[in-house]
Amino acid sequence: MDDDRNLLFEKDGRLPPLKYYFPLAVQHLVAMIVGCVTPAIIISTVAGLDNSSRILLIQSSLVCAAISTLLQLFGITKFCGARLPIIIGVSFAYLATMQSIATSFGLAEIFGAQLVGGIVAVIIGIFAKKLQRLFPPLITGTVVFTIGLSLYPTAISYMAGGSGSANFGSYQNWIVSIFTLICVTVLNHFGKGMLKLASILLGIVAGYILSLFFGMVDLSAVGEAGLFSMPSFAPFGIKFEFSSCLAISVLFAINAVQAIGDMSATTIGGLNREPSGDELRGGIIAFGLSNVFSSIFGGLPNATYSQNVGIVSSTKVVNRKTLSLTAFMLLFAGLMPKFSALLTTIPQCVLGGATVSVFASIAMTGMKLVAMQPMSYRNTSIVGLSAALGMGVSQVSESLSQFPEWVTMVFASSPVVLATLVAIILNLILPKEEK
């Protein structure tokens, strides 16, 4: 038995699936499933999609996440795929920018921008080592911190019931959202094992049950949904709009660098070594190509999932078949419209109560990366000015009203693009401190 268990700590060990793979695969699934479907639910609401289109967007995102994960795990050529134990899913990093694109243009422009961003990521993968120096931890941390901050208004709006809803700001919405947040927080800090790992999922379940008593749930969409459905080609269309493509491409560059960090954390934590150049190049190229594929089949932009990297690092289970089972579970869920329809019935106040802690965690992850560097006057200037200009301009978007419309879209729709550019430029031009 010990020999069998040891195979869990090898990338290609073969073991009985139900006995060994299944419990660990479920562990990975519960850690990422909420993060994978929530952006699709939010974007479908912003875009004003009907129930069938909302279900399709969730389905497509799940299916594409599953295929993207399998591509990373096993690759298709020696140049595509990290072949490391990594999970891929829809990323919150794109959410604020996608909301702006969906509001100003539509879903088709999101997928057009995603296709271009995927190509940008492939190019970055080819030159990964040379471009990595532009994104040291100080810059990456500043960007991640800004991403977290940019998502706070979305969380608060959802906690109040969702902007534009008839009962926005009602006491029922706040009761349910705060109850959900309390459940997530208690499980996060006092739960152990699976309870802690699945804190967000269990918090949503608790909030969902409470919302039933307030009559907030309409299950009619579940009854109308089919049992099985395949994704279709370009279900929401693909359109290219310059400012959208530029804004999303910057985010893809950032997420490519995050992928390098996640792959490094996976190999160091699970395999006790640094990732090879081929693994980094193949991983980022696969990240780009999987997003090109997802854009064509209606899946929202994806990225590596750091929470699953954390599981690999803590358990040391690097067996790729374990994570491939997680991918097949995602695929199965994505092919079932009734499952996706059930997810669309989650009230917005429940999602807000659950995701506010996620967004806070994103911001604090950025702060941890920043805090790894000396808090010198140079470094604090880079972080402070980047966040100030990024957040400030996005909150006062009319400050760019005299510029062409594409300038406002790129630099004011989300704070991330401007904060990233300012951080990179300042890091390059400000004099280094003398040691």
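Since the structure is predicted, the reported quantities are computational estimates derived from the model, not experimental observations. (Residues numbered from 1 in each chain as written. Predicted model: local features only at pLDDT ≥ 70, side-chain atom pairs only at ≥ 80, totals over all residues. Heavy atoms only, no water.)

### As for the overall build of the protein
Link 1 in the chain: Tallying secondary structure elements over the protein gives 20 helices and two strands in all.
Link 2 in the chain: By the compact-globule yardstick of 22 Å for 435 residues, the protein fits well, its C-alpha radius of gyration being 21 Å.
Link 3 in the chain: For the protein, the C-alpha atoms occupy an extent of roughly 60 × 60 × 45 Å along the three principal directions.
Link 4 in the chain: In the protein, buried positions account for 56% of the 435 residues.
Link 5 in the chain: Residue pairs in contact within the protein that sit at least 24 positions apart in sequence constitute 81% of those at least 6 positions apart. (Helix = DSSP H or I, 4+ residues; strand = E, 2+ residues; numbered from the N terminus. Rg over C-alpha atoms; globule rule 2.2 N^0.38 Å. Buried < 20%, exposed > 50% of the residue type's maximum accessible area, 1.4 Å probe, protein only. Contact = heavy atoms within 4.5 Å.)

### What about the packing of aromatic side chains?
Link 1 in the chain: One pass over the structure, following the stated rule, counts seven aromatic pairs.
Link 2 in the chain: An angle of 80 degrees between the planes, with centres 5.2 Å apart, marks the rings of Phe-92 and Phe-359 as edge-to-face. With Phe-92 in the loop between β1 (88-90) and α4 (95-104) and Phe-359 in helix α17 (residues 348-371), this pair connects stretches of sequence that are 267 residues apart. Neither residue differs from the other here; Phe-92 and Phe-359 are each classed as buried. (Phe/Tyr/Trp six-rings, centres within 6.5 Å; stacked < 30°, edge-to-face > 60°.)

### Re the side chain of Asp-262
Link 1 in the chain: The residue Asp-262 is located in helix α12 (residues 242-271) in this model.
Link 2 in the chain: Buried charge without a salt bridge: Asp-262, with Lys-368 as the nearest opposite-charge side chain at an N-O distance of 13 Å.
Link 3 in the chain: One polar contact links Asp-262 to Thr-304, side chain to side chain, over a distance of 2.6 Å. (Lys, Arg positive; Asp, Glu negative; His and termini not counted. Salt bridge = Lys/Arg side-chain N within 4 Å of Asp/Glu carboxyl O. Polar contact = N/O pair within 3.5 Å; in protein donor to acceptor, adjacent residues only side chain to side chain.)

### As for the pattern of salt bridges
Link 1 in the chain: Overall, the coordinates contain two salt bridges when judged by the stated rule.
Link 2 in the chain: Arg-273 is the partner of Glu-279 in a salt bridge, and the nearest nitrogen-oxygen pair spans 2.8 Å.
Link 3 in the chain: Among the residues examined, Glu-279 registers a relative accessible area of 10% and is labelled buried.
Link 4 in the chain: Residue classification places Arg-273 among the partly exposed positions, given a relative accessible area of 31%.
Link 5 in the chain: We note a salt bridge from Arg-281 to Asp-278, for which the minimum N-O separation is 2.7 Å.

### Notes on a nonpolar patch on the surface
Link 1 in the chain: A contiguous nonpolar patch, built from Ile-119, Ile-123, Ile-126, Phe-127 and Leu-131 and spanning about 430 Å² of accessible area, is present on the exposed surface.
Link 2 in the chain: Here Leu-131 shows up in helix α6 (residues 128-131). (Patch = residues over 30% accessible without salt bridge, like charges linked within 9 Å, V, L, I, M, F, W, Y side chains within 5 Å. Areas by Shrake-Rupley, 256 points an atom, 1.4 Å probe, with all protein chains shown as cover.)

### A look at the environment of Ala-256
Link 1 in the chain: Counting through the fold element by element, Ala-256 comes out in helix α12.
Link 2 in the chain: A C-alpha to C-alpha distance of 9.0 Å links Ala-256 and Gly-283, two positions 27 residues apart in sequence.
Link 3 in the chain: Ala-256 has contacts with Ile-124, Ile-284 and Phe-287, leaving out every residue within four places of it along the chain.

### Re the packing of helix α7 (residues 137-159) against α17
The relative placement of two packed helices comes down to the angle between their axes together with the axis-to-axis distance.
Link 1 in the chain: Viewed as axis vectors pointing N to C, α7 and α17 meet at an angle of 165 degrees, and their least axial separation amounts to 7 Å. When the interaxial angle is binned, α7 and α17 end up roughly antiparallel. Every pair of crossing elements has a handedness; the one defined by α7 and α17 is left-handed.
Link 2 in the chain: Tallied by class, the residues present in the contact of α7 with α17 amount to 21 nonpolar, ten polar and no charged. (Axes fitted to C-alpha atoms, helices over the stretch in contact; angles between N-to-C directions. Parallel < 35°, antiparallel > 145°, perpendicular 65-115°, else oblique. Left-handed = near helix turned anticlockwise from the far one by under 90°. Nonpolar A, V, L, I, M, F, W, Y, C, P; charged D, E, K, R; others polar.)

### What to know about helix α20 (residues 415-429)
Link 1 in the chain: Look at α20: 21 Å from first C-alpha to last across 15 residues, which is about the 21 Å you get at 1.5 Å a residue.
Link 2 in the chain: All buried positions along α20 are accounted for by Pro-415, Val-416, Val-417, Leu-418, Ala-419, Thr-420, Val-422, Ala-423, Ile-424, Leu-426 and Asn-427.
Link 3 in the chain: Buried residues belonging to α20 abut α7, α12, α18 (377-395) and α19 (405-412). (Expected span 1.5 Å × (residues − 1).)

### Looking at the environment of Gly-310
Link 1 in the chain: For Gly-310, the position within the fold is in helix α14 (residues 306-315).
Link 2 in the chain: Between the C-alpha atoms of Gly-310 and Ala-265, which are 45 residues apart in sequence, the distance is 8.1 Å.

### Overview of helix α15 (residues 320-334)
Link 1 in the chain: In this model α15 runs 21 Å from its N-terminal to its C-terminal C-alpha over 15 residues, within 8% of the 21 Å that 1.5 Å per residue would give.
Link 2 in the chain: One side-chain oxygen at the N-terminal end of α15 lies 2.9 Å from the backbone nitrogen of Lys-321; it belongs to Asn-319.

### Concerning the confidence of the model for the protein
Link 1 in the chain: On average, the protein scores 86 in pLDDT, and the residues at 70 or more come to 93%.
Link 2 in the chain: The weakest mean pLDDT in the protein belongs to helix α1 (residues 2-6) at 52; the strongest belongs to helix α5 (residues 107-126) at 95. (pLDDT = per-residue confidence, 0-100.)

### A few points about unusual backbone geometry
The general pattern is negative phi for most residues beyond glycine and trans for most peptide bonds.
Link 1 in the chain: At Arg-83, a position not held by glycine, the phi torsion is positive, near 60 degrees.
Link 2 in the chain: Looking at the element boundaries, Arg-83 is found in the loop between α3 (51-74) and β1.
Link 3 in the chain: Phi is positive for Asn-272, which is not a glycine, with a value near 55 degrees.
Link 4 in the chain: Positionally, Asn-272 belongs in the loop between α12 and α13 (277-296).
Link 5 in the chain: On the accessibility criterion, Asn-272 (67% relative accessible area) is exposed.

### Remarks on the packing of α7 against α18
Link 1 in the chain: Between α7 and α18, whose axes approach to 10 Å, the crossing angle comes to 30 degrees. Our classification of the angle between α7 and α18 gives roughly parallel. The two elements α7 and α18 meet at a crossing, and its hand is right-handed. Residue-level inspection shows Leu-138, Ile-139, Thr-142, Phe-145, Thr-146, Leu-149 and Ser-150 of α7 in contact with α18, the latter providing Asn-379, Ile-382, Val-383, Ser-386, Ala-387 and Met-391.
Link 2 in the chain: A class-by-class count of the residues in the contact of α7 with α18 yields eight nonpolar, five polar and no charged.

### A short note on the side chain of His-28
Link 1 in the chain: Topologically, His-28 is positioned in helix α2 (residues 17-46).
Link 2 in the chain: His-28 gets classed as buried once you look at its relative accessible area, which sits at 3%.
Link 3 in the chain: Every residue in contact with His-28, bar those within four places of it in the chain, is listed here: Ile-87, Asn-308, Ile-311, Val-312, Leu-323 and Thr-326.

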